[in-house]
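Close look at the chain arrangement
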Amino acid sequence: MDLPELVYGDEKAFKDARTLLDEIFCSTSPYIKQLCQLGETVKQAIQGLEPILSQFTEPICAECPTGCCVNSHAFPDFEDLIFFKSIGLPWQYYDMTRPEHGTCQFLSHSGCKLLRIQRSYRCTWYFCDSLLFKFEKNNRRDFHIFNAKSSSLAIKRNGLVNYFKHYFAKFK
Ligand code: SF4
Ligand code: SF4
């Protein structure tokens, strides 16, 4: 089944998505308990990546002359909202009056103001080719660990989303 599509600037679709998830997660069903447990495994996988990202990718991004943090990248898709809700994060406000391709509203001089678990998934997995090339060239062993952990995160996140889809079909 298809999940709602969220587009930067569409406040109504974003609000409807949050309302829907608030209603679904209000249930005391064992499905929700299981969803929350799956969300925790995703959270742990993200936190497991944190040290490697801090050590190897952030220093490269910090020196990047162009940067790639724009408002539309920070904006979550529905799958991100499922994850945020499953670990009990409060809804984050996004100022969608800002230009879609303008510098991200969460970017500060010292980097991203959001915790890794508060960021959209694309913020966690996206790295440009140049960064990946430098990372692999300078730290081959850690690069392989990074790849393995990223794959594990993707599998866990898919597990969460697929479980949600199963439950959501029943909810509808
Ligand atoms: S991912 Fe690449 S383009 Fe984006 S900030 Fe990092 S180095 Fe720059
Ligand atoms: S949320 Fe953070 S990592 Fe994502 S685009 Fe904005 S500043 Fe960059």
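Residues numbered from 1 in each chain as written. Chains lettered and ligands numbered in written order. Predicted model: local features only at pLDDT ≥ 70, side-chain atom pairs only at ≥ 80, totals over all residues.

1. Side note on the overall build of the protein chain
Scanning the protein chain from N- to C-terminus turns up seven helices and two strands. Start at the N end of the protein chain and walk to the C end: the helices and strands fall as α-α-α-α-β-β-α-α-α. Rg of the C-alpha trace for the protein chain: 17 Å, near the compact-globule value of 16 Å for 172 residues, within the 12% margin. Seen through its C-alpha atoms, the protein chain measures out along the principal axes to roughly 50 × 35 × 25 Å. Across the 172 residues of the protein chain, 19% fall into the buried class. (Helix = DSSP H or I, 4+ residues; strand = E, 2+ residues; numbered from the N terminus. Rg over C-alpha atoms; globule rule 2.2 N^0.38 Å. Buried ≥ 20, exposed ≤ 12 C-beta atoms within 10 Å, placed from the backbone.)

2. Observations regarding the environment of Ala 154
With respect to the helices and strands, the residue Ala 154 is situated in helix H7 (residues 140-171). Its 15 C-beta neighbours within 10 Å are what place Ala 154 among the partly exposed residues.

3. Here we look at the packing of helix H2 (residues 30-62) against helix H6 (residues 129-138)
Across the interface, H2 lies against H6 with an axial gap of 10 Å and an inter-helix angle of 130 degrees. For the element pair H2 / H6, the angle class is oblique. Note that H2 runs across H6; the crossing there is right-handed. Contact with H2, carried on its side by Phe 56, Thr 57, Ile 60 and Cys 61, involves Leu 131, Lys 134 and Phe 135 of H6 and no other residues of that element. Tallied by class, the residues present in the contact of H2 with H6 amount to five nonpolar, one polar and one charged. (Axes fitted to C-alpha atoms, helices over the stretch in contact; angles between N-to-C directions. Parallel < 35°, antiparallel > 145°, perpendicular 65-115°, else oblique. Left-handed = near helix turned anticlockwise from the far one by under 90°. Contact = placed C-beta atoms within 7 Å. Nonpolar A, V, L, I, M, F, W, Y, C, P; charged D, E, K, R; others polar.)

4. A look at the site of ligand 1
Looking at ligand 1, the residues that line it are Ile 60, Cys 61, Cys 64, Thr 66, Gly 67, Cys 68, Phe 127, Cys 128, Ser 130 and Leu 131. Breaking the shell around ligand 1 down by element, the ones donating at least two residues are H2 and H6. Grouping the amino acids of the shell around ligand 1 by side-chain chemistry returns seven nonpolar, three polar and no charged. (Near = placed C-beta within 6 Å.)

5. Examining the nonpolar core
Of all hydrophobic cores here, the largest spans 16 residues; its most connected members are Val 42, Leu 81, Ile 82, Phe 83, Leu 160 and Phe 164. Put simply, the parts of the chain that give this core at least two residues each are helix H1 (11-26), H2, helix H4 (78-86) and H7. Beyond its immediate stretch of four places on either side in the chain, Val 42 contacts Phe 83, Leu 153, Lys 156, Arg 157 and Leu 160. (Core = buried A, V, L, I, M, F, W, Y, C linked by C-beta atoms within 7 Å.)

6. A closer look at H1
Look at H1: 23 Å from first C-alpha to last across 16 residues, which is about the 22 Å you get at 1.5 Å a residue. Turning to H1, its buried residues number three or more, namely Phe 14, Ala 17 and Leu 21. Buried residues of H1, seen end-on, are gathered within an arc of 60 degrees and therefore sit on one face of the element. Residues of H1 that are exposed and point over 90 degrees away from its buried face: Glu 11, Lys 12, Lys 15, Thr 19, Asp 22, Glu 23 and Cys 26. Looking at the buried side of H1, the elements it contacts are H4. (Expected span 1.5 Å × (residues − 1). Arc of directions from axis to C-beta.)

7. Brief notes about the confidence of the model for the protein chain
Looking at the protein chain as a whole, its pLDDT mean stands at 94, while 98% of the residues score no less than 70. Within the protein chain, the lowest mean pLDDT, 91, falls on strand S2 (residues 111-112), and the highest, 98, falls on H4. (pLDDT = per-residue confidence, 0-100.)

8. Details of the environment of Pro 4
Note that Pro 4 resides in the segment before H1. C-alpha separation for the pair Pro 4 and Asn 138, spaced 134 residues apart in sequence, amounts to 41 Å. Those residues within four positions of Pro 4 in sequence are excluded, and the remaining contacts are Ala 13, Ala 17 and Phe 78.

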